[in-house]
Amino acid sequence: MTMLSLTVPLHPDETPTSFCSRLAFRNGCDAHGFCLDMGFKFLAVATGEEKALAELAAVSGADPHALRRNSFTSREGHGFQLRGQMVNVASSLRTHVRVCPDCISEDVAAQIDQRRSAPFQRIYWQLSWFRSCPVHGVALLTLGRAKTNMIECADFARAVAPHVGRIVAGDIDRVARAPSSMEVYLYRRLNGEGDSTSPWLDSIPMHKAVRLCEIVGAVSRFGPKVATRDLDDEVVADVASIGCDIMLSGEELFRGFVRKTMAANWKNSGELGGKRFFGLLYDWLRAEKDEASLNLARDAIREEVAESLPVGELHTFFDVPIGRRRCWSVTTVATACYMKSSRMRQYLSARGLITAEHENLSNDRTTFPAEKVDPLIEQLRSMVPQNEAMAYLGMPRSRFLALMREGLVVPFFSRLEAGFFCNGFLQADLDNFLKRLSMQVTMPAVEDGMVEIFDAAKRCRAPYAHVMRILLEGGFSRVAPWPSGSKCSLAVDPNEVRRVLAREAPGTEPWPYLTVEQIREQTKWGNGITWALISKGLLPHAVLTNPVTTRKCAVVHRDDLESFCRTYVTFGQAAKELGTTYLRQILRGGVVKPAIKFGVGEVAFYLRADFQRA
C-alpha cells in the first residue's frame with residue numbers, strides 16, 4: 001500500500017484513533033471516510049484489529065508496533081487490553097472527549113503550522129481512573145459525549161477542533177488538580193516504570209488492582225458495610241487513593257489495615273465471619289475466587305484472622321480452613337473445656353494470662369496466643385470440682401480437707417488462689433493419689449487385729465492425714481484393702497501404727513483430752529449425762545480442735561475426768577466395786593443418798609466418801 005504524501009507524526013502516548021483522525025484531517029477527510037478510502041474500517045482501528053493497524057501504519061509511515069502498543073484491543077467478554085494491562089468496559093471512557101488544556105496548548109505550540117491537526121489524544125484521557133493530567137496536574141475537561149456509539153467521539157481531531165481556539169486563548173475553566181497516588185501509580189504502570197511501582201500490587205491485573213484499592217480505601221474510610229455504588233465519582237477517587245497508599249506500601253501495611261479493621265468492628269460477641277469484619281472487601285475477594293493473583297490479599301487476611309481472632313482449625317475464610325489454631329479467647333477455652341466463661345476467666349487470671357490490658361475486654365475479646373493456652377486445655381478439660389473429687393475418692397469432706405492441708409491431695413486451682421468458688425482438681429492427680437495408695441498394699445486380705453486406717457488413727461489419737469502420709473511413704477508393713485470401704489479405704493494394724501508414731505516422736509505425750517464420745521466409751525455414761533455434767537459445771541471442759549478429725553469440739557481433760565471419777569461414782573460402778581448385796585443394804589438404810597441426780601430414771605452419782613463412812 002502506497003504511503004501518503006501528507007502525514008502526521010505518531011506521538012508516544014497517542015491512541016491509534018487519534019492518529020488516524022489527525023491523518024484524515026491533514027488530508028481533508030473525516031476519519032470514517034478516510035479509512036474506507038484506504039480499504040479498512042475506522043471501527044477496526046478503534047477496536048485494535050491488527051490488520052487495520054498494519055494498513056494504517058503502511059499509509060502513514062508510522063511504526064506498527066507503536067500503534068499496537070497504544071491501542072485498546074478488544075477482548076470479548078473481558079473489556080480491552082492496553083499495553084499488556086486489562087481495562088474493563090466500565091473504566092474506559094471511549095464515548096467521552098476529555099482533554100488536558102495544558103497538553104492541547106503544548107501540542108499547538110509545537111506544531112503551529114498545523115494548528116488544527118496538532119492536538120492528539122493521550123491514552124490516559126480514555127480511562128475513568130484518571131481525573132487529572134499526571135503531567136501538568138490539571139483537571140481533565142470533558143468536551144463532549146457520544147450520543148449513540150464511541151465512533152462519534154473517536155474522530156478526535158474533528159471533535160476537539162471547535163474548542164482549540166478557546167483552549168489556547170485560555171478562555172476555559174482551568175482547574176489545578178494534583179494527580180492522586182492512584183493516578184501516579186497507574187501512569188507509571190502503563191509506562192512500564194517497574195522500579196517505581198509496587199511488586200505486590202503489580203502482580204494483580206490492573207483493573208482488579210484498581211478495584212481492590214477502591215474497596216480497601218472505602219472500607220478504611222467508611223467501614224465494612226460501605227457500598228461504593230452509593231458514592232459519587234469524587235469520593236470514589238478519594239477512597240481509591242487511600243486504598244492505593246495502603247497497597248503501595250506493601251504487604252505489611254495491608255496487614256496493618258486488616259488488623260485495624262478487625263479491631264474496629266469487633267465490639268461484641270457473634271459469629272467471627274469475614275463479612276462481619278470486612279464486609280464489601282470480603283464479598284468481593286470471595287466473588288473473585290478464580291483470580292489467583294488476589295490470593296496475596298486473601299492469604300494475608302486469612303493469616304491475620306488466624307493470628308488475631310480465636311478461630312479453630314475448621315473455621316473457613318474464603319472457603320479455605322484456617323488451619324492450626326493460633327489464638328484462644330476466654331469464651332472459646334471455656335467452650336472447649338465445658339465450663340462457664342466466668343469460671344474460666346478466674347482460672348486464666350490465676351495463671352497470669354489475663355493482665356491489666358484485658359480488664360475492660362469481654363470474654364470474647366480477651367485473647368491469648370495458643371502456645372500459652374494449649375498446655376492448659378487438656379488439664380482444664382479433666383478438672384473436677386471439690387465435691388466431685390471427694391465423691392471419686394469416696395471420702396467425706398473432713399478427711400479430704402485434712403489430706404489437702406497435709407499436701408497429699410493438691411488442687412490444680414485453689415479457692416484461696418484467686419477467690420474461686422471452689423477448688424479444682426485434675427483427674428490425673430486423683431488417679432495418681434489412688435495409685436500411690438494401691439502401691440502400699442502388702443497383704444491380699446484383712447487379718448485379725450487390723451482396722452480401717454481412719455479408725456486406727458483415732459485409736460492412736462493421731463491426725464488422720466499424718467497417718468496417711470506415713471502410709472504413702474511406706475511406713476507400714478501390714479496394709480490390706482478394706483473390703484467394704486471406698487477407694488481410699490485401707491486396713492492397717494493399729495499396734496504397728498502406734499509403734500511407728502512412737503518412733504517418730506519418742507517421749508511425746510498423747511493428747512490429754514477426751515471427747516464426749518470417748519468419755520462414753522470409757523465410762524459407759526450416755527452422751528446426755530456427760531453434756532449435763534458439762535452444762536452444770538461439774539465437769540470442766542474446753543472447745544478445741546480435735547487432731548484426729550480436725551474439727552472443733554467440746555473436750556474434757558483426762559485429769560479432770562479422773563478427779564471427778566475419784567469423787568463420784570454411779571450405782572452400777574459402785575456395785576462392781578462393793579458388791580450388789582452390800583450396796584443395797586446401805587441404800588435401804590438411807591445412810592447414803594445421791595449427790596447428783598438430774599431427774600427420775602436418770603443416772604445418779606454418789607460421793608465415794610459416803611460409801612466409805614457407811
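Our subject is the structure that appears above.
What you are looking at is a predicted structure, and each value in this text was computed from that prediction instead of being measured. (Residues numbered from 1 in each chain as written. Predicted model: local features only at pLDDT ≥ 70, side-chain atom pairs only at ≥ 80, totals over all residues. Heavy atoms only, no water.)

(A) Summary view of a positive patch on the surface. There is a patch of like positive charges on the surface, built from R397, R405, R415 and R551. In this structure, R551 sits in the loop between β16 (542-545) and β17 (552-557). (Patch = residues over 30% accessible without salt bridge, like charges linked within 9 Å, V, L, I, M, F, W, Y side chains within 5 Å. Areas by Shrake-Rupley, 256 points an atom, 1.4 Å probe, with all protein chains shown as cover. Salt bridge = Lys/Arg side-chain N within 4 Å of Asp/Glu carboxyl O. Lys, Arg positive; Asp, Glu negative; His and termini not counted. Charge placed at Lys NZ, Arg CZ, Asp CG, Glu CD. Helix = DSSP H or I, 4+ residues; strand = E, 2+ residues; numbered from the N terminus.)

(B) A look at helix α21 (residues 397-406). For α21, every residue scored as buried is listed here: S398, F400, L401, A402, L403 and M404. Against α20 (386-393), β11 (424-426), α23 (427-438) and α25 (464-472) lie the buried residues of α21. (Buried < 20%, exposed > 50% of the residue type's maximum accessible area, 1.4 Å probe, protein only. Contact = heavy atoms within 4.5 Å.)

(C) Region of the structure containing the sheet that holds strand β13 (residues 479-481). The strand order β12-β14-β13 describes an open sheet built from 3 strands, whose pairing is antiparallel. The open sheet is flanked by β12 (451-452) and β13, the only strands paired with a single partner. Direction of pairing for β13 relative to strand β14 (residues 490-492): antiparallel, over a ladder of 3 bridges. What sits directly across from V479, in β14, is V492. (Pairing = 2+ DSSP bridges.)

(D) Structural context of the sheet that holds strand β18 (residues 568-570). Spatially, 3 strands are ordered β18-β20-β19 in an open sheet, and the strand pairing comes out antiparallel. Only two strands of the sheet have a single partner each, and these edge strands are β18 and β19 (596-597). Here β18 runs beside strand β20 (residues 604-607); their pairing, made up of 3 bridges, is antiparallel. Opposite Y568, over in β20, you have L607 as the bridge partner. The sheet contacts of helix α30 (residues 571-578) involve β18 and β20, and relative to β18 the element is tilted by about 90°. (Axes fitted to C-alpha atoms, helices over the stretch in contact; angles between N-to-C directions.)

(E) Highlighting the packing of aromatic side chains. Applying the stated criterion across every chain, the model contains 21 aromatic pairs. For the pair F278 and F317, a centre-to-centre distance of 6.4 Å together with 85° between the ring planes defines the contact as edge-to-face. Within this pair, whereas F278 is found in helix α14 (residues 274-278), its partner F317 is found in strand β6 (residues 316-317), the two being separated by 39 residues in sequence. Across the pair, exposure class does not vary: F278 and F317 are buried alike. Between F412 and F413, the ring centres sit 4.9 Å apart and the planes meet at 80°, which makes this aromatic pair edge-to-face. Among the residues examined, F412 registers a relative accessible area of 14% and is labelled buried. Every member of this aromatic cluster is reached through a ring pair, and the members are W266, F277, F278, Y282, F317 and F318. It is R325 that lies over the ring of W328; its NZ or CZ is 3.8 Å from the centre. Looking at R399, its charged tip hangs above the ring of F454, at a distance of 3.8 Å from the centre. (Phe/Tyr/Trp six-rings, centres within 6.5 Å; stacked < 30°, edge-to-face > 60°. Lys NZ or Arg CZ within 6 Å of the ring centre and 35° of its normal.)

(F) How the structure looks around the pattern of salt bridges. Tallied over the entire structure, the rule returns 24 salt bridges. Of the charged contacts in the structure, one is a salt bridge between R302 and D299, with a shortest N-O distance of 2.8 Å. Linking R302 with D299, this pair stays in helix α16 (residues 295-308), spanning 3 residues, or about one helical turn. Exposure remark for D299: the relative accessible area of 36% places this residue in the partly exposed category. For R608, the salt bridge identified is with E577, shortest N-O distance 2.8 Å. One end of the pair, R608, is in helix α32 (residues 608-613); the other, E577, is in helix α30, and 31 residues separate them in sequence. Note on E577: relative accessible area 44%, which makes it partly exposed. A single network of salt bridges, built from pairs that share partners, joins E251, E252, R255, R259 and E304.

(G) Quick peek at the state of the cysteines. The full count for this structure, using the stated rule, is 0 disulfides. C100 provides the cysteine sulfur closest to C133, a residue in no disulfide bond, and the two sulfurs are 3.7 Å apart. The exposure class of C133 is buried, given its relative accessible area of 2%. Cysteine C553 is unpaired, with the sulfur of C460 as its nearest cysteine sulfur at 18 Å. Judged by relative accessible area, C553 falls into the partly exposed class, the value being 21%. (Disulfide = S-S within 2.5 Å.)

(H) Fine view of unusual backbone geometry. A positive phi angle, near 65°, is found at D319, a position not held by glycine. Among the secondary structure elements, D319 is positioned in the loop between β6 and β7 (320-321).

(I) Seen up close, the environment of T73. Inspection of the secondary structure assignment puts T73 in strand β1 (residues 73-75). Not counting residues up to four positions away in its chain, the partners in contact with T73 are T47, G48, G79, F80 and Q81.

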